[in-house]
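Tertiary structure, described
Letter by letter, the chains look like this.
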Amino acid sequence: MLIRMTVLDEYDALLFDLDGTVWEGGRALPFAVDSINQANLPLMYVTNNASRGPEAVASLLSDMGIFTQPEQVLTSAQAAIDLARKEVPVGSNVLVLGTDSFKSLAADAGYTVVASAEMKPVAVFHGHNPATGWTELSEAALAIRSGAKYYASNLDTTLPSERGLCIGNGSMVAAVVSATGVQPVAAGKPGAAMFYVAAEKLASARPLAIGDRLNTDIAGGVAAGFDTLHLLTGVSQHWALINAIESERPTLIAEDLRSLSSDRRSLMPHMQGGFNAYLQGCDILLDGGSMVSTSMEALRSVLSVAWQNAGFGGTVKPISEHAVRCMSDWR
């Protein structure tokens, strides 16, 4: 008898992104709470958002019904401090563009947190804070022009919210880069370091990295050599997947976190749902399907062709009525 292996059967730990994957603007996404609580695997939340400390993140998750310990949260602010320890001596003055939690992390690491370039900081830490404005960005630029090392918690240009995509830390960093010509050392995803640390903390040999953004969550997991699950709950949608470069292609693709209890193979790019996708010139044609075929089945069928053909230019043409229907909600 063929035994059905779910995603949860295939891995020994789960590494979750937060914004756009588990929650949106601090509100749980549909199916996230039940799916995570029923997973019954060691897990870690690996987030590029440095605006909250581990304790605050754990508290928010617990309040929405996902009981979480601070030790299960790894933020890019923590990663930035770890990077700086290799180059910036303890006791040095540092300027922190970020929330109080980021400043506390720097102080706990033995640094003296200052608010002005006049205090001659030897490093600038830049994390997301909705209150950051011209004054803070200018102090950072002045410090960096005077020789301070520049560390960014992450380079996400956007931040998912219940209203849509808002300005992310990477967009604020871009202003400082434009003013100074200095590129920061980025601590968060898509670097692999946070994934290695999370897997080590969980003593995991086969973790699954889960996220919604190809160029950070998925790219970081791929860089770490881990399998990845991409969800269409946040930033990167259907067409981004079809045109994804090799280093940003996930192992599994699903609509939401209910997929954790799905057959793993069903989430991999391959012909499914009765569809037939094939290359014609530089285009992919999608034919077949049935009344019960889904948009995700159409997407995975197309991906099985798009990711195997270097000559594909990014155009997908629906041929059958079922292909037209399933592609109508692609974004």
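Residues numbered from 1 in each chain as written. Predicted model: local features only at pLDDT ≥ 70, side-chain atom pairs only at ≥ 80, totals over all residues. Heavy atoms only, no water.

The protein chain carries the name HAD family hydrolase in an unreviewed UniProt entry, which gives Corynebacterium rouxii as its organism.

**Some details on the packing of aromatic side chains**
All chains considered together, the criterion is met by six aromatic pairs. When the centroid spacing of 5.3 Å and the interplanar angle of 75° are considered together, the rings of Trp-239 and Trp-330 count as edge-to-face. With Trp-239 in helix H10 (residues 238-242) and Trp-330 in the segment after helix H12 (321-327), this pair connects stretches of sequence that are 91 residues apart. Trp-239 gets classed as partly exposed once you look at its relative accessible area, which sits at 28%. For Trp-330, a relative accessible area of 7% translates into the label buried. Taken together, the ring pairs connect Phe-102, Tyr-111, Phe-125 and Tyr-151 into an aromatic cluster. Directly above the aromatic system of Phe-31 lies the positively charged group of Arg-258, at a separation of 3.7 Å from the ring centroid. (Phe/Tyr/Trp six-rings, centres within 6.5 Å; stacked < 30°, edge-to-face > 60°. Helix = DSSP H or I, 4+ residues; strand = E, 2+ residues; numbered from the N terminus. Buried < 20%, exposed > 50% of the residue type's maximum accessible area, 1.4 Å probe, protein only. Lys NZ or Arg CZ within 6 Å of the ring centre and 35° of its normal.)

**Comments concerning unusual backbone geometry**
Between Lys-189 and Pro-190 the backbone carries a cis peptide bond, its omega angle lying at 20°. As for its position among the elements, Pro-190 is in the loop between strand E12 (185-186) and helix H8 (193-201). Unlike most non-glycine residues, Lys-120 shows phi in positive territory, near 50°. Look at Lys-120 and you get exposed, because its relative accessible area is 67%.

**Brief notes about the sheet that holds strand E6 (residues 93-97)**
Strand pairing in a sheet relies on backbone hydrogen bonds. The paired strands run either parallel or antiparallel. Spatially, E7-E6-E8-E9-E12 is the arrangement adopted by the five strands of the open sheet, whose pairing is parallel. Each edge of the sheet is formed by a strand with only one pairing partner; in this case those strands are strand E7 (112-114) and E12. As judged from the two bridges shared by strand E9 (residues 149-152) and E12, these two strands associate in the parallel manner. Across the sheet, residue Tyr-151 finds its bridge partner in E12, namely Val-185. (Pairing = 2+ DSSP bridges.)

**Quick look at empty space enclosed by the protein**
On inspection of all chains with the given rule, the structure shows three cavities of 30 Å³ or more. Each pocket or cavity is described by its volume, and for the largest cavity that value is around 150 Å³. In terms of lining, the largest cavity is formed by 18 residues, of which the most central are Asp-19, Asn-48, Asp-156, Leu-159 and Arg-213. Here the lining of the largest cavity takes three residues from strand E10 (residues 158-161), the largest share from any one element. Residue composition of the lining of the largest cavity, by class: two nonpolar, nine polar and seven charged. Both domain 1 (7-48 + 190-265) and domain 2 (77-186) contribute no fewer than three residues apiece to the lining of the largest cavity. (1 Å grid on protein atoms, 1.4 Å probe; cavity = no way out; pocket = protein on both sides within 12 Å on 5 of 7 lines; lining within 4 Å. Points joined across faces, edges and corners; volume = space filled by probe spheres on them. Nonpolar A, V, L, I, M, F, W, Y, C, P; charged D, E, K, R; others polar. Domains from an automatic or database assignment.)

**Things to note about the environment of Gly-288**
Within the secondary structure, Gly-288 is located in strand E17 (residues 283-288). By relative accessible area, Gly-288 is classed as partly exposed at 23%. A C-alpha to C-alpha distance of 34 Å links Gly-288 and Val-22, two positions 266 residues apart in sequence. Setting aside residues up to four positions removed in sequence, Gly-288 forms contacts with Gly-274, Phe-275, Ser-320, His-322 and Ala-323. (Contact = heavy atoms within 4.5 Å.)

**Focus on the pattern of salt bridges**
Opposite charge on two side chains allows them to pair when their charged atoms are near. Scanning the entire structure with this criterion turns up eight salt bridges. Close ionic contact of Arg-85 with Asp-82 constitutes a salt bridge, the shortest N to O distance being 2.5 Å. Here Lys-189 makes a salt bridge to Asp-217, at a shortest N to O gap of 2.7 Å. Of this pair, Lys-189 sits in the loop between E12 and H8 while Asp-217 sits in helix H9 (residues 214-224), and the two are 28 residues apart along the sequence. Assigned by exposure class, Lys-189 and Asp-217 land together as buried. A cluster of three or more residues bridged by salt bridges with shared partners is formed by Asp-17, Lys-189 and Asp-217. (Salt bridge = Lys/Arg side-chain N within 4 Å of Asp/Glu carboxyl O.)

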